[in-house]
Amino acid sequence: MSDTRAQTPTLEAPADAPRQPAVSALLTPLGLLTVLLGAALPMIDFFIVNVALPTIDHDLHAGPAMLEMVVAGYGVAYATLLVLGGRLGDMVGRRRLFLWGLAAFGLTSLACGLAPDAGTLVAARVAQGAAAALLLPQVLATIQATTSGKRRARALSLYGGTAGVSSAVGQVLGGLLVSVDLAGTGWRAVFLVNVPIAAAAWLLAARTVPETRSPRPTRVDGPGTALLAATLITLLLPLTEGRAAGWPLWSWLLLAVFPFAGTAFVLVERRAERSGRTPLVPPSLLRIPSVNSGLAMIVPFSVGFGGFMFVVAVALQNGLRYGPFAAGLSLVPLCTTFFIASLAGPRLVGRFGRRVVIAGSLIQGAGLLALALTVHASWPGTSVAGLAPSMAVLGFGQGMVLPVLMRIVLSELPVAQAGVGGGAMVTTQQSGLALGVATLGTLFLSLLPSVGIRDALLAALLTQLAIVAGTTALALRLPRSVR
């Protein structure tokens, strides 16, 4: 087994010089396919349980609070540890962490699939989220360190396409597996299916993915790691679990702690960088225009996307009485057009720059408006076919936005900080997804008793439309051209 290390340039390069790795080992097409497969697993699993929640509730007598924790436990652990996972990959080797993450993800998926009760399932989901945080940052860092020029642009577009499509495919695949009920496994199949896929990806990665690491590895920033974890947990946990638990005192106390934890994290990271140490998230990264403007847009985009996927899964099953398979099938047009748009991204962005993102946001808004009009006019007889045109437009717009945003964030990132930069970007994305489930999901569920499912869904869709309007305005801050 080879252990070839790709050497990357140091940070002393001029600011206007192209930051491309002088690699001694390139990522082959099969290697790229392997890391993208590894990236798809944790992304799929964030959403795959949405259509399985009613069946989990029936089998395990979970109740609303425990069901929320099945989703939130994974998402909070995932988002909290992503930056640390990127730093560890920079230190000890990205392929090594990728292999460890795949093995841990397969084992924790097995634990989820075999869970005898709701409490065990929640614990296994938290562990699965931690494994995903080890795995995912290594994908972007490996792409950054082993590709350059057009090959990197193509690889990053495929990664962005994988990120978006995997989210929708998670619910399609989840609905299919629950409906088929393989060997009587029911909802357990949505977790057990990860085990052979993770094993196959591990074997491929051991042969096809080159080893890379930062040329200047640094120790883990303990205070920064603890404060980032406190910041994300005090925000995400009460927002995702508070409503289901009846907004107990602890949820308000955590929300009160959040701004203090966030401020302390920023101050500690600034002090560490000024003193010459390497913080967990170097504040200097956020001063790079492409990173700053790209992350600012990824947050609202992810909030809208995460909330949409959750609300649609609940509304179609509880309101239109779709089965799990039909609820998943309704997202196939979105998946298809998202992937088509992501493949066209490199050519379009090379010619039109940030205007691709602006156009994508406008198309996404048109798709949301068309979907809202379809729901308003045809409910409760809305069919899968009736949803298809607006879903297709929506997916195409989203596919023009997310992959390009990811490429923009990474375009000026120093290669030596590929792991921490990729981890920060994915943390931002995952935190946004979790916030979307919490905010749009809470809005939808809170309105249900008073206005009914149709009007609650319309309120969520129009709220997302307002978010899209905001992201379109933020797109004007992006660099005019993209490397």
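What counts as what
Residues numbered from 1 in each chain as written. Predicted model: local features only at pLDDT ≥ 70, side-chain atom pairs only at ≥ 80, totals over all residues. Heavy atoms only, no water. Helix = DSSP H or I, 4+ residues; strand = E, 2+ residues; numbered from the N terminus. Rg over C-alpha atoms; globule rule 2.2 N^0.38 Å. Contact = heavy atoms within 4.5 Å. Areas by Shrake-Rupley, 256 points an atom, 1.4 Å probe, with all protein chains shown as cover. Lys, Arg positive; Asp, Glu negative; His and termini not counted. Charge placed at Lys NZ, Arg CZ, Asp CG, Glu CD. Patch = residues over 30% accessible without salt bridge, like charges linked within 9 Å, V, L, I, M, F, W, Y side chains within 5 Å. Salt bridge = Lys/Arg side-chain N within 4 Å of Asp/Glu carboxyl O. Phe/Tyr/Trp six-rings, centres within 6.5 Å; stacked < 30°, edge-to-face > 60°. Buried < 20%, exposed > 50% of the residue type's maximum accessible area, 1.4 Å probe, protein only. Expected span 1.5 Å × (residues − 1).

Caption draft 1: Representation of the overall build of the chain in the model. Each helix and strand counted, the chain has 17 helices and two strands in total. Since a compact globule built from 483 residues should have a radius of gyration of about 23 Å, the 21 Å found for the chain is in line with a globular shape. Expressed along its principal axes, the backbone C-alpha trace of the chain runs to roughly 60 × 50 × 45 Å. The contacts in the chain between residues at least 6 apart in sequence include a share of 84% that link residues at least 24 apart. For the chain, the accessible surface area stands at approximately 17900 Å², while carbon and sulfur atoms represent 69% of it. One way to put it: in the chain the 32 positive side-chain charges average out to a point 12 Å from where the 17 negative ones average out.

Caption draft 2: Highlighting a positive patch on the surface. On the surface, a cluster of positive charge is contributed by R270, R271, R274 and R277. Inspection of the secondary structure assignment puts R270 in helix α11 (residues 249-274).

Caption draft 3: Fine view of the packing of aromatic side chains. On inspection of all chains with the given rule, the structure shows five aromatic pairs. Residues F301 and F305 carry aromatic rings whose centres are separated by 6.2 Å and whose planes lie at 10° to one another, so their mutual orientation is stacked. Here F305 and F301 lie together in helix α12 (residues 289-318), a separation of four residues that amounts to about one turn. F305 shares its class with F301; the two are buried. The structure contains a cluster of three or more aromatic residues connected by ring pairs, namely F46, Y74 and Y78.

Caption draft 4: Summary view of the environment of A65. In this fold, A65 is placed in helix α3 (residues 63-92). According to the relative accessible area criterion, A65 is partly exposed, its value standing at 25%. In this structure, the C-alpha to C-alpha distance between A65 and V122, residues 57 residues apart in sequence, is 11 Å. Beyond its immediate chain neighbours, meaning those up to four positions away, A65 contacts E241 and A244.

Caption draft 5: Geometry of the pattern of salt bridges. Within this structure, the stated rule accounts for four salt bridges. Ionic pairing is found between D45 and R125, a salt bridge with its closest N-O pair at 3.4 Å. A residue pair is termed long-range when its members are at least 10 positions apart, and D45 in helix α1 (residues 29-47) and R125 in helix α5 (residues 118-135) qualify at 80 residues. For the pair D45 and R125, one class covers both residues: buried. As a salt-bridge pair, E273 and R287 come within 3.9 Å of each other at their nearest N and O atoms. Remark: R287 occurs in the loop between α11 and α12 and E273 occurs in helix α11; sequence separation between them is 14 residues.

Caption draft 6: Spotlight on helix α15 (residues 355-378). When the terminal C-alpha atoms of α15 are compared, their 34 Å separation across 24 residues agrees well with the 34 Å that a helix rising 1.5 Å per residue should span. Taken together, the buried positions of α15 are V356, V357, I358, G360, S361, Q364, G365, G367, L368, L371, A372 and V375.

Caption draft 7: Quick look at helix α6 (residues 137-146). Burial within α6 is extensive, with 10 of its 10 residues counted as buried. Along α6, the positions that sit buried rather than exposed are P137, Q138, V139, L140, A141, T142, I143, Q144, A145 and T146.

Caption draft 8: Inspection of a nonpolar patch on the surface at higher detail. Taken together, L176, V180, L182, F325, L329 and V332 make up a surface patch of nonpolar side chains, about 460 Å² in accessible area. Elements that contribute at least two residues to the nonpolar patch include exactly α7 (149-180) and α13 (324-329). The residue L329 is located in helix α13 in this model. What makes L329 partly exposed here is its relative accessible area of 35%.

Caption draft 9: Highlighting the environment of L177. Note that L177 resides in helix α7. With 12 residues separating them in the primary sequence, L177 and A189 have C-alpha atoms 6.2 Å apart. For L177, the contacting residues outside a window of four places in its chain are L182, G186, A189, V190 and V193.

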